[in-house]
Amino acid sequence: EEEAVVSTQSTGERPASVSQLQRLIQPQGELVVTIVNMPHIITSNTQFQIVLRLRNTTDRKYNLHLTLNQLQESGLVWVGDIRKTLGELLPSSHLDINLDILPVKSGVWDIGGIAIENVLTNKKLVTRPLDKF
């Protein structure tokens, strides 16, 4: 898609020139990951579920793979499959995923150990802790 930029003279006459500019390509951004749902009360040794929303804010599609690494010394243990193929995430869309966690000790926890990779480019998109609770 192209846009026309029109330059007019100060006298208000017809346009003096028209130049065509190509649409600027948005640089590839990171995948935006947010926690959209989790319990208000969490009890040690009682499994709970969080819902993560993965939002593609770029103009490229992703083909995503999720790996849940062990949460060493965090007091949390992932429950279920630790490797998941999430599939395609189209531009300007989102995907919600459910993750089950078992807290094995009390305290303040970091939700970390999450690695999300775009298998089309082999680029890791998320590896940092998401939140403390």
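Each value, and the rule that gives it
- Residues numbered from 1 in each chain as written.
- Predicted model: local features only at pLDDT ≥ 70, side-chain atom pairs only at ≥ 80, totals over all residues.
- Heavy atoms only, no water.
- Buried < 20%, exposed > 50% of the residue type's maximum accessible area, 1.4 Å probe, protein only.
- Helix = DSSP H or I, 4+ residues; strand = E, 2+ residues; numbered from the N terminus.
- Pairing = 2+ DSSP bridges.
- Core = buried A, V, L, I, M, F, W, Y, C linked by side-chain atoms within 4.5 Å.
- Contact = heavy atoms within 4.5 Å.
- Salt bridge = Lys/Arg side-chain N within 4 Å of Asp/Glu carboxyl O.
- pLDDT = per-residue confidence, 0-100.

## Section: the pairing of strand 10 (residues 114-118)
- Of all five residues in strand 10, five are buried, a share of seventy percent or more.
- In strand 10, alternate side chains face the same way, and those of Ile114, Ile116 and Asn118 on one face and Ala115 and Glu117 on the other are all buried.
- Bridge analysis of strand 5 (residues 62-68) against strand 10 gives five bridges, and the strand direction is antiparallel. Bridging across to strand 10, Leu66 finds its partner in Ile116.
- Pairing between strand 10 and strand 11 (residues 123-126): three bridges, direction antiparallel. The partner of Ile116 across the bridge, within strand 11, is Val126.
- Between strand 10 and the antiparallel strand that follows it, strand 11, lie four residues; Asn122 among them carries a positive phi value of about 60°.

## Thoughts on unusual backbone geometry
- Positive phi values are uncommon outside glycine, yet Ser92 reaches one of about 55°.
- Relative to the assigned elements, Ser92 resides in the loop between strand 7 (83-89) and strand 8 (94-103).
- Positioned with a positive phi, Asn122 is a non-glycine residue whose angle comes to about 60°.
- Here Asn122 shows up in the loop between strand 10 and strand 11.
- Of the residues examined, Asn122 reaches a relative accessible area of 58% and is grouped as exposed.

## Examining the nonpolar core
- Leu31, Leu54, Leu64, Leu66, Leu99, Ile114 and Ile116 are the most contacted members of the largest nonpolar core, which has 23 residues in total.
- Residues contacting Leu31, with those up to four places away along its chain left out, are Leu54, Arg55, Asn56, Tyr62, Leu64, Leu89, Ile116, Leu125 and Val126.

## Side note on the pattern of salt bridges
- Applying the stated rule across the entire model yields three salt bridges.
- Here Asp59 makes a salt bridge to Arg60, at a shortest N to O gap of 3.7 Å.
- By relative accessible area, Asp59 is classed as partly exposed at 32%.
- A salt bridge links Glu88 to Lys61; the shortest N-O distance between them is 3.1 Å. Of this pair, Glu88 sits in strand 7 while Lys61 sits in the loop between strand 4 (48-55) and strand 5, placing them 27 residues apart in sequence.

## Some thoughts on the confidence of the model for the protein
- Confidence in the prediction for the protein averages 76 pLDDT; 71% of positions are at 70 or higher.
- For the stretch residues 1-28, pLDDT sits under 50, and the model shows 34 contacts to residues farther than four places along the chain or on other chains.

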